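Residues per chain are reported as follows:
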Amino acid sequence: PCVRAGEGWACRAVLAEGHQRTVRRVAWSPCGHFLASASFDGTACVWRRCGNGFEVVATLEGHENEVKAVAWAPSGTLLATCSRDKSVWVWEVDEEEQEFECVSVLSAHSQDVKHVAWHPSQEVLASASYDDTVRLYREDEDDWLCCATLEGHTSTVWAVAWERSGQRLVSCSDDRTLRVWQCAEPGDTAGTGTGDTGTGTRAPGWHCVCTLSGYHGRSIYDVAWCGLTGAVASACGDDAVRVFHEVPAGPAEPVTFALLTLHCSASVRSTSVEAEPSRRKSPSVSFSRHMSRIARAVLPVSFRE
Amino acid sequence: QAAAAHEQKLVVVSVSPQSRASLAAKCKLGLQETAQKLTKFLKSVHYVFDTTFSRNFSLLESQQEFLRRFQRQAHDKKALPMLASACPGWICYAEKTHGSFIIPHISTTKSPQQVMGSLVKGYFAEQQHLPPDRIYHVTVMPCYDKKLEASRPDFFNQEYQTRDVDCVITTGEVLKLLEQEGVALADVDPAPLDTMMGAAPGLGGHAGGGSGGYLEHIFRHAARELFGIHVGSIHYRQLRNKDFQEVTLERDGQVLLHFALAYGFRNIQNVVQKLKRGKCPYHYVEVMACPSGCLNGGGQIRLEGESSKEELQQVERLYRSLKAEVPEDNQAVRELYQHWLGGWGSERALSVLHTQYHALERANSALSIKW
């Protein structure tokens, strides 16, 4: 099936009055009534539907420079932002006041933080950074702390995505690999410990259980994990979107993923998606219209579910 | 080592009480012993002072500044809330991130480190019959941001081309020095303590916690001077977390004074946001960048084997163990105001003991976008 920009999609609103610089990422709240936007102007805005448009209900200030990402926790009462200032901030909504208060400033990374993503069901946060690591955070008494550092990538980690169960994470990097991480104790998503110890060891904490290398020709800028089928999609600087499916394996066997490649043509005004014939029934990958302007660079990827 | 490098100069080291408490906890000594042994260890330098002395000036000036601001709040919307100025982590962040909006609210009173700089390169230099550039002034501080503070252009003496504070070392860096020399502080003989003027007093402290006690001193002083109320012990009410607390002075159901402590950036952020929305209820906020305050500064010694909470509590216990003195009662401080600063509230006192801030313009070049 083809998805062409312009067909079946109409621009409903242009939100031009909130930011002074590049808008880097947007995120819908779980309830769908609010939209958060992260900007290079150093702020994140929260918008609410208002008639045919949207109005700003809050501006989250405090980061020292460009905000790279914003994400809503599944409960809808927490937001996370991350920035080139190396920090991750957690904000809480005050329902009555319709205000956002900063609950924690986490400075665990040593470099620019590119992305944040919440666990699908728990208040556990993951972040990806130019310092080559993924970090996890959880609440502890009256503050938040970094409870795990996932090391293994050899260059900037651009994004992370959680598996629907919350037991695994996938990260994508400048080093052209995807890495799948798993927590040794099921349910212990907030366990401590660091990453890559190879297969066979069962130390508690997060480990890299699968590294997909050799598939991508350039930096991988975004990754998504389908909540329905378990497929993993990547957006790469080599002009391709790739979808991987996990190969079924027994509990003691290593984790592997097999590749299903979808190509983007270089003339990106009309992008087409061709599936391998045997895979025609796979979930479709949706492309933002925005993507056509970025072409080889940042390429947001998400599953339409 | 500083002395070796600057043989022609008189070397003075000013030690902060927070650094001393951290060293005492690590070396398992009392505060007095630590002060005396540290003095001995540091002495290839000429003098070792305690910044508790200069803190008296910061507290007195802050108290007075608050009264001035309180009294002009009707016609100056930026007078209140007044925000503390002793923490350079907070100051640098405020200048960079909030700029000209927040600067009018920040107290102009210098920090104890910088007051000490002015005293050492000013009063003390004169007493020693030396120009300021013939003194090399080192401070020992609980954090790294104090190095940034010392390097501010506002604290550079143009006439003599010398800084008020030439070098800042952290508590941890002092420990490294001890280790490099193979010296255990406990084994060092005690030396008598130096003072800038007058006879050597015992070690003293100030009420109000490990970050200087600004809230408590300003609160008590304002209560007395503005409302004639004598405040005994101060009751704190914890808000969202342990680093955000408030204090009120009430009479007949009316709130006369409403102060807060805000430590750590998450709390600083919330205070600034309230301020921006015109919803800040406080007259004064003691703002500090480090959660749990200066005793928990980034340059303090991390003890091994104990949980960090316990080690911090030990440092706090030691710090609190000194008798609290009242700045107004310090004889040496009064004399300095009278004889060197031109009198209490004089133009010279204001010029020597206060500073200013500068909003930082952010680079906005589209060419430098990094995704």
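Residues numbered from 1 in each chain as written. Chains lettered and ligands numbered in written order. Predicted model: local features only at pLDDT ≥ 70, side-chain atom pairs only at ≥ 80, totals over all residues. Heavy atoms only, no water.

Chemist: Honestly, the environment of Ala150 of chain B in this entry has me stumped. Any pointers?
Modeler: Residues and elements named next belong to chain B. Mapped onto the elements, Ala150 comes out in helix α7 (residues 145-150). As for Ala150 and Cys294, which are separated by 144 residues in sequence, their C-alpha atoms are 17 Å apart. Those residues in contact with Ala150 that lie beyond four places of it in its chain are Gln113, Gln114, Phe155, Arg163, Val165 and Val168. (Helix = DSSP H or I, 4+ residues; strand = E, 2+ residues; numbered from the N terminus. Contact = heavy atoms within 4.5 Å.)

Chemist: Looking at this structure, how should I read the pattern of salt bridges?
Modeler: A side chain with one charge may pair with a side chain of the opposite charge, provided their charged atoms come close. This structure, assessed with the given rule, holds 32 salt bridges over all chains. Close ionic contact of Asp154 of chain B with Arg152 of chain B constitutes a salt bridge, the shortest N to O distance being 3.9 Å. Since its relative accessible area comes to 11%, Arg152 of chain B is described here as buried. In this structure, a network of salt bridges that share partners links the residues Glu92 and Glu101 of chain A together with Arg240 and Lys274 of chain B. (Salt bridge = Lys/Arg side-chain N within 4 Å of Asp/Glu carboxyl O. Buried < 20%, exposed > 50% of the residue type's maximum accessible area, 1.4 Å probe, protein only.)

Chemist: What exactly am I supposed to notice about the sheet that holds strand β15 (residues 178-183) of chain A here?
Modeler: Paired through their backbone hydrogen bonds, the strands of a sheet run either parallel or antiparallel. All names here are of chain A. In space, the four strands of this open sheet follow the order β13-β14-β15-β16, with antiparallel pairing throughout. The sheet terminates laterally at β13 (157-162) and β16 (206-212), the two strands that pair on one side only. When the angles between neighbouring strand axes are averaged without regard to direction, this sheet yields 25°. (Pairing = 2+ DSSP bridges. Axes fitted to C-alpha atoms, helices over the stretch in contact; angles between N-to-C directions.)

Chemist: Any chance you could explain helix α4 (residues 51-71) of chain B here in plain terms?
Modeler: Since there are 3.6 residues in each turn of an α-helix, residues three or four apart along the chain are aligned in direction. The end-to-end C-alpha separation of α4 of chain B is 30 Å, in line with the 30 Å expected for 21 residues at 1.5 Å each. For α4 of chain B, the tally of buried residues reaches 18 of 21 residues, placing the bulk of the element in the interior. (Expected span 1.5 Å × (residues − 1).)

Chemist: How should I be thinking about the UniProt feature "repeat: WD" (unreviewed entry) in chain A in this particular structure?
Modeler: Residues and elements named next belong to chain A. As annotated by UniProt and renumbered to match this structure, "repeat: WD" (unreviewed entry) occupies residues 16-47, 60-101, 106-137 and 150-182. Measuring from the first to the last C-alpha atom of residues 16-47 gives 12 Å, for a span that is 0% helix and 50% strand. Between the end C-alpha atoms of residues 150-182 there is a gap of 10 Å, over a span that is 0% helix and 55% strand. (UniProt positions renumbered as here; feature names shortened; annotations may be inferred.)

Chemist: Sorry if this is basic, but what is going on with the nonpolar core here?
Modeler: Buried together is how nonpolar side chains tend to be arranged in soluble globular proteins. Residues and elements named next belong to chain B. Counting 66 residues, the largest nonpolar core has Phe66, Trp90 and Leu257 as its most contacted members. Excluding residues that lie within four positions of it along the chain, Trp90 makes contacts with Leu83, Ala84, Ile102, Ile106, Ile268, Val272, Val287 and Ala289. Counting residues in each nonpolar core, the second largest holds 25 residues, with Leu60, Tyr123, Leu336 and Leu341 among its members. (Core = buried A, V, L, I, M, F, W, Y, C linked by side-chain atoms within 4.5 Å.)

Chemist: Would you explain the confidence of the model for chain A in this entry?
Modeler: As a note on interpretation, predicted positions should not be read in detail where pLDDT is low. All names here are of chain A. Confidence in the prediction for chain A averages 81 pLDDT; 76% of positions are at 70 or higher. Confidence drops under a pLDDT of 50 for residues 191-202, and excluding neighbours within four residues, the segment shows 30 contacts in the predicted structure. In this model residues 265-299 is a low-confidence stretch, pLDDT under 50, and it forms 49 contacts with partners more than four residues away in sequence or in other chains. (pLDDT = per-residue confidence, 0-100.)

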